[in-house]
Amino acid sequence: MSLSETDRIERQILLRVPRSRVWRALTDPVEFGTWFGVKVGGTFAPGARVRGQITHKGYEHVTWDITIERMEPERVFSWRWHPYAVEPGVDYSAEPATLVVFELEEVAGGTLLTVVESGFDDVSLARRAQAYRMNGEGWTAQMGSIERYVATAA
Amino acid sequence: MSIVRLTEGARVTRQSVTKHLHVLAGAGLVRSTRVGRDHIWEIEPRRLGEAQRWLDHIAGQWDEALGRLKKSLED
């Protein structure tokens, strides 16, 4: 496994609307929350820590917690978070966070949006495996918990 | 492979490699077998496969979120 295969996720999508429209959908907290699935408490600004409540049915108790890095209008929007912060009572603040970077590019037909999430290798393999076995029921059960969480957090 | 091989060319001490290997062993990600005086360490491929599946799962969640974004903008 090369570093790039395990350390990052990259996805792209063509959106048939102008770049300014996409930027608004990403950085207006109300608009963002509607498609992402979170009720955001606050506004997005570089350096800001923003929290919210997941709105997906059945998971309204899950808190969403990000620290914004860059906001370059209509070009780049990025934040850090813990996508694996699923266990109650565990303090994840000392753990390495992953970085999410949205990039917008004007192309024929609309806007090309790229999202890259990276830093997974810094989340130690041991920490992940430990988290997955916390219930004592093994990987399968914990994968289910993480599955439910990421299904709502994304 | 042995600790000696693992640390060859790397800027880490044998102690730190050993320490990390024991943590990984505790998590079931590597195992060791005694061969004479040495411990030979091997990756547990099934566990690493599970870690990769987790990554694939998060990627799938991004696909769904981007799908919702596209639908909200284009419909």
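What you see is a predicted model; the values in this text were computed from it and never measured. (Residues numbered from 1 in each chain as written. Chains lettered and ligands numbered in written order. Predicted model: local features only at pLDDT ≥ 70, side-chain atom pairs only at ≥ 80, totals over all residues.)

**Q** How should I be thinking about the overall build of chain A in this particular structure?
**A** A tally of helices and strands in chain A yields 5 helices and 7 strands. Each helix (α) and strand (β) of chain A, taken in turn from the N terminus, gives the series α-β-α-α-β-β-β-β-β-β-α-α. When burial is assessed residue by residue, chain A has 29% of its 154 residues classed as buried. Here the contacts in chain A between residues at least 6 apart in sequence split such that 44% fall between residues at least 24 apart. (Helix = DSSP H or I, 4+ residues; strand = E, 2+ residues; numbered from the N terminus. Buried ≥ 20, exposed ≤ 12 C-beta atoms within 10 Å, placed from the backbone. Contact = placed C-beta atoms within 7 Å.)

**Q** Quick question: what am I supposed to make of the pairing of strand β7 (residues 110-118) of chain A here?
**A** Side chains on a regular strand alternate between the two faces of the sheet. Residue and element names in this part refer to chain A. Judged from the 8 bridges that link them, strand β1 (residues 8-15) and β7 form a sheet pairing that is antiparallel. Its bridge partner lying in β7, Q12 is registered against T114. Two strands pair when backbone bridges link them, and strand β6 (residues 98-107) and β7 are joined in this way by 9 bridges, in the antiparallel orientation. Bridged to E106 within β7 is T111. Once β6 ends, the chain turns through 2 residues before running back antiparallel as β7, passing G109 with a positive phi of about 100°. (Pairing = 2+ DSSP bridges.)

**Q** I tried to follow the domain arrangement of chain B on my own but got confused; where do I start?
**A** Taken domain by domain, chain B holds domain 1 (1-43) and domain 2 (45-75). Once you take the C-alpha centre of each, domain 1 of chain B and domain 2 of chain B turn out to be 33 Å apart. (Domains from an automatic or database assignment.)

**Q** What's the story with the sheet that holds strand β5 (residues 76-81) of chain A in this structure? I'm lost.
**A** The strands making up a sheet associate through backbone hydrogen bonding, with each pair oriented either parallel or antiparallel. Residues and elements named next belong to chain A. Spatially, β1-β7-β6-β5-β4-β3-β2 is the arrangement adopted by the 7 strands of the open sheet, whose pairing is antiparallel. Each of the sheet's edge strands pairs with one partner strand only, and the pair in question is β1 and β2 (38-41). Going across the sheet, the axis of each strand differs from the next one's by a mean of 25°, ignoring polarity. Relative to strand β4 (residues 63-72), strand β3 (residues 49-54) runs antiparallel, the two being bridged by 5 bridges. Along β4, the bridge assignment pairs Q53 with T63. Of the strands in this sheet, β1, β4, β5, β6 and β7 touch helix α2 (residues 19-27), which is tilted by about 160° from β6. Sheet strands in contact with helix α3 (residues 29-36) are β2 and β3, and its direction is about 155° off that of β2. (Axes fitted to C-alpha atoms, helices over the stretch in contact; angles between N-to-C directions.)

**Q** Looking at this model, I keep getting lost on the nonpolar core. Mind explaining?
**A** The tendency in soluble globular proteins is for nonpolar side chains to be buried as a group. V22, A25 and L26 of chain A are the most contacted members of the largest nonpolar core, which totals 27 residues. Broken down by element, this core gets its largest block of residues, 5 residues, from helix α3 (residues 45-74) of chain B. Sequence-distant contacts of A25 of chain A, defined by excluding residues within four places in its chain, comprise E31, F32 and W35 of chain A together with L69 and L73 of chain B. (Core = buried A, V, L, I, M, F, W, Y, C linked by C-beta atoms within 7 Å.)

**Q** How should I be thinking about α2 of chain A in this particular structure?
**A** Because the α-helix completes a turn every 3.6 residues, residues three or four places apart line up on one side. Of all the residues in α2 of chain A, the buried ones are V22, W23, A25 and L26 of chain A. Down the axis of α2 of chain A, the buried set is contained in an arc of 160°. They therefore lie on one face. (Arc of directions from axis to C-beta.)

**Q** What should I look at first to understand the packing of α2 of chain A against α3 of chain A in this one?
**A** Between two packed helices, both the angle of their axes relative to each other and the distance between the axes serve to describe the pair. Residue and element names in this part refer to chain A. It is at 5 Å that the axes of α2 and α3 come closest, and there the two elements cross at 80°. It follows that α2 is roughly perpendicular to α3 by the angle criterion. Together, R24, A25, L26 and T27 of α2 and E31, F32 and W35 of α3 make up the contact between the two elements. (Parallel < 35°, antiparallel > 145°, perpendicular 65-115°, else oblique.)

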